[in-house]
Amino acid sequence: MPPTAESAQVSHRATYREVLAEPRFRLLFSTRAVAITADALRITTFSVLVFSSTGSALLSAVAFGIGFIPQLFGSLLLGSLADRLPPRALITGGYALTCATALLLALVRMPVAASLGVVALVSLATPLFHGASSRLVAQSLEGDAYVLGRSLNNIAGAGAQLFGLALGGAAVAALGPHRALAVSAVLYLGCALAIRIRLPRLQPGEFGGTPGGDGGAVRASLRGAGLLLRGRTVRRLMLAQWLPVALVAGAEGIIVAYAGERRFAPGWYAVLMGCLPVGMLVGDLLVGRFLRPPTRERLVVPLVALAGLPLIGFAAEPGVGVSSCLLLLSGLGYAYGLGLQRPFLDALPQDGQGQAFGLLGSGSMTLQGVGPVCLGAVAAVIGTGGAIALAGGAAVLTAGWILTWHPPASPALAPSRVVSSE
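What counts as what
- Residues numbered from 1 in each chain as written.
- Predicted model: local features only at pLDDT ≥ 70, side-chain atom pairs only at ≥ 80, totals over all residues.
- Heavy atoms only, no water.
- Helix = DSSP H or I, 4+ residues; strand = E, 2+ residues; numbered from the N terminus.
- Areas by Shrake-Rupley, 256 points an atom, 1.4 Å probe, with all protein chains shown as cover.
- Contact = heavy atoms within 4.5 Å.
- Patch = residues over 30% accessible without salt bridge, like charges linked within 9 Å, V, L, I, M, F, W, Y side chains within 5 Å.
- Salt bridge = Lys/Arg side-chain N within 4 Å of Asp/Glu carboxyl O.
- Disulfide = S-S within 2.5 Å.
- Phe/Tyr/Trp six-rings, centres within 6.5 Å; stacked < 30°, edge-to-face > 60°.
- Buried < 20%, exposed > 50% of the residue type's maximum accessible area, 1.4 Å probe, protein only.
- Core = buried A, V, L, I, M, F, W, Y, C linked by side-chain atoms within 4.5 Å.
- Polar contact = N/O pair within 3.5 Å; in protein donor to acceptor, adjacent residues only side chain to side chain.
- pLDDT = per-residue confidence, 0-100.

Colleague: Just to check I follow, could you spell out the overall build of the chain for this structure?
Modeller: Within the chain, the regular secondary structure consists of 22 helices and 0 strands. When the accessible surface of the chain is summed, it comes to about 18,200 Å², and 69% of that surface belongs to carbon and sulfur atoms.

Spelled out as structure tokens, the structure:
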């Protein structure tokens, strides 16, 4: 049977050059990469600032993660605004708000509790402009180009995060924490100006929004989130993107403690921490560049298992070399998410994509913040090696769960099933 036009489109493999040729995506991609660098710089510098003023490791850790958990509440309570407000104003406002927050922390000597409260409050709005940006990406790129666009965002995000962490250390050493925070504010301001100047002002019909809606923002957001999570397919695809990442992030969160328990030489913990993002970069490049869309979707379950299986090896408490290899292999498995991008987009209602992307991102960030806390509590009982192995085993079980509804022999979920619900 000759291939149909639809099947040819499904199996078409886009290229990164095609994706970067889209002006709107190129603008959103570049500003997001700069913003992630600024995020990493701001978060680490704020953590250093809190520790230097209090001497408390606990408060320093709280400062590091305080911007993650509130995002889920922001998505649940305000997420519908990502589909109801013009995206240029929303994204520009988001970058301007984070710029103002960084400047406030840099210039005003506030009590620690007040500064933590400011960061937590501002993070409530993060899912709104992230959701609006992701929606514009989905509307700018079609088919496999959209999947590669997400791949590029993952690659740039990991690289920008590593660069931001390095920049943070250098900026704090050279300028001090307050001036380093001012540097992050300048980066956010550049992103806001670039979006305001270069992104066209889209009317509601052009970005699919429903301005005003039929109720308040909170009521509409809760109703929209409920509809998304009640749909079996959307709920499964969200959980499939949340759980393995949260489990591996939880294991990553106790790598420093593992290195300390094993008495590795000073500095080796940084090498171990860098292995996962390096594996992520390589995995995304290989899977995104060389595999066709149906193959990526068939490899979802094996790649999730790959993310978890190497971590089980930590039960034997290996040395630095083996630990580095295990973490690198685990990072390769992160590429499983590329096989879920198109099914997830197909499963979303057209008028709720912004809220769905915001909920997806905020849920992932929240679970990645909770994961290390839970694994840390387990490590106190069974040791860090056992806790990391437990996280790997849970990821493998998650792969088995995905296998029950996403068999690797079939190319993802058929469009006819995307509206199913319990």
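Colleague: Explain the environment of Arg150 here, please?
Modeller: By the secondary structure assignment, Arg150 is in helix H10 (residues 144-175). In the structure, Arg150 is positioned 121 residues away from Phe29 in sequence and 9.6 Å away in space, judged by C-alpha atoms. Excluding anything up to four places from it in sequence, Arg150 contacts Gln341, Phe357 and Leu360.

Colleague: Got a minute to help me understand a nonpolar patch on the surface in this structure?
Modeller: Together, Ile69, Phe73, Leu77, Val218, Leu222 and Val370 make up an exposed nonpolar region whose accessible area comes to about 480 Å². Elements represented by at least two residues in the nonpolar patch include exactly helix H5 (70-78) and helix H13 (217-230). Tracing the sequence through the fold places Val218 in helix H13.

Colleague: I would appreciate a short explanation of the state of the cysteines in the present structure.
Modeller: When the sulfur atoms of two cysteines share a covalent bond, that bond is a disulfide. Counted according to the given criterion, the structure contains 0 disulfides. In this structure Cys325 is not part of a disulfide, and its nearest cysteine sulfur, from Cys275, lies 7.7 Å away.

Colleague: I tried to follow the packing of aromatic side chains on my own but got confused; where do I start?
Modeller: How two aromatic rings sit relative to each other is set out by the distance from centre to centre and by the angle between their planes. For the structure shown, the criterion picks out 6 aromatic pairs. Three or more aromatic residues joined by ring pairs form one cluster here, namely Tyr258, Phe264 and Phe314.

Colleague: How should unusual backbone geometry be read in this particular structure?
Modeller: With glycine set apart, most residues show a phi of negative sign, and most peptide bonds adopt trans. One non-glycine residue, Arg263, adopts positive backbone phi at about 55°. With respect to the element layout, Arg263 can be found in the loop between helix H15 (255-261) and helix H16 (268-290). Classification of Arg263 as exposed rests on a relative accessible area of 76%.

Colleague: Looking at this structure, how should I read the nonpolar core?
Modeller: In a soluble, globular protein the nonpolar side chains are often hidden away together inside. By size, the foremost hydrophobic cluster in this structure holds 84 residues, and its most contacted members are Ile91, Tyr95, Leu327, Phe344 and Ile388. The residues touching Phe344, leaving out its near neighbours within four places in the chain, are Val234, Leu237, Met238, Gln241, Ala356, Phe357 and Leu360. Judged by nonpolar contacts, the second largest core, of 9 residues, contains Phe46, Leu49, Leu105 and Val119.

Colleague: For this particular structure, what's the right way to read the side chain of Gln355?
Modeller: Turning to its location among the elements, Gln355 is positioned in helix H21 (residues 353-382). A polar side-chain atom of Gln355 sits 2.7 Å from the main-chain carbonyl oxygen of Ser221. If we ignore the near neighbours within four places in the chain, the residues touching Gln355 are Ser75, Gly79, Ser80, Ala82, Asp83, Ala220, Ser221, Gly224, Ala225 and Leu228.

Colleague: Honestly, the confidence of the model for the chain in this entry has me stumped. Any pointers?
Modeller: Do not read the predicted coordinates in detail wherever pLDDT is low. When the pLDDT values of the chain are averaged, the result is 82; 87% of them are 70 or greater. Mean pLDDT per element in the chain: helix H1 (residues 5-11) is the minimum at 50, and helix H18 (residues 300-312) is the maximum at 96. Ignoring residues within four places in sequence, the model shows residues 409-422, a span with pLDDT below 50, making 24 contacts including any to other chains.

Colleague: In this structure, what is going on with the pattern of salt bridges? I would like to understand it.
Modeller: Opposite charge on two side chains lets them pair, provided their charged atoms get close. Going through the model one piece at a time under the given rule, you end up with 4 salt bridges. Taking the shortest distance from any N to any O, the salt bridge between Asp39 and Arg32 comes out at 3.7 Å. For Asp144, the salt bridge goes to Arg296, with nearest N and O atoms at 2.4 Å. Of this pair, Asp144 sits in helix H10 while Arg296 is found in helix H17 (residues 293-298), placing the two residues 152 residues apart along the sequence. Relative accessible area serves as the criterion here: at 2%, Arg296 is assigned to the buried category. Each of Arg32, Asp39 and Arg42 takes part in one network of salt bridges that share partners.

Colleague: Honestly, the environment of Ser115 in this entry has me stumped. Any pointers?
Modeller: By the element assignment, Ser115 lies in helix H8 (residues 112-123). On the accessibility criterion, Ser115 (6% relative accessible area) is buried. Sequence-wise, Ser115 and Ala63 are 52 residues apart; in three dimensions their C-alpha atoms are separated by 9.0 Å. Sequence-distant contacts of Ser115, defined by excluding residues within four places in its chain, comprise Phe46, Leu105 and Met110.

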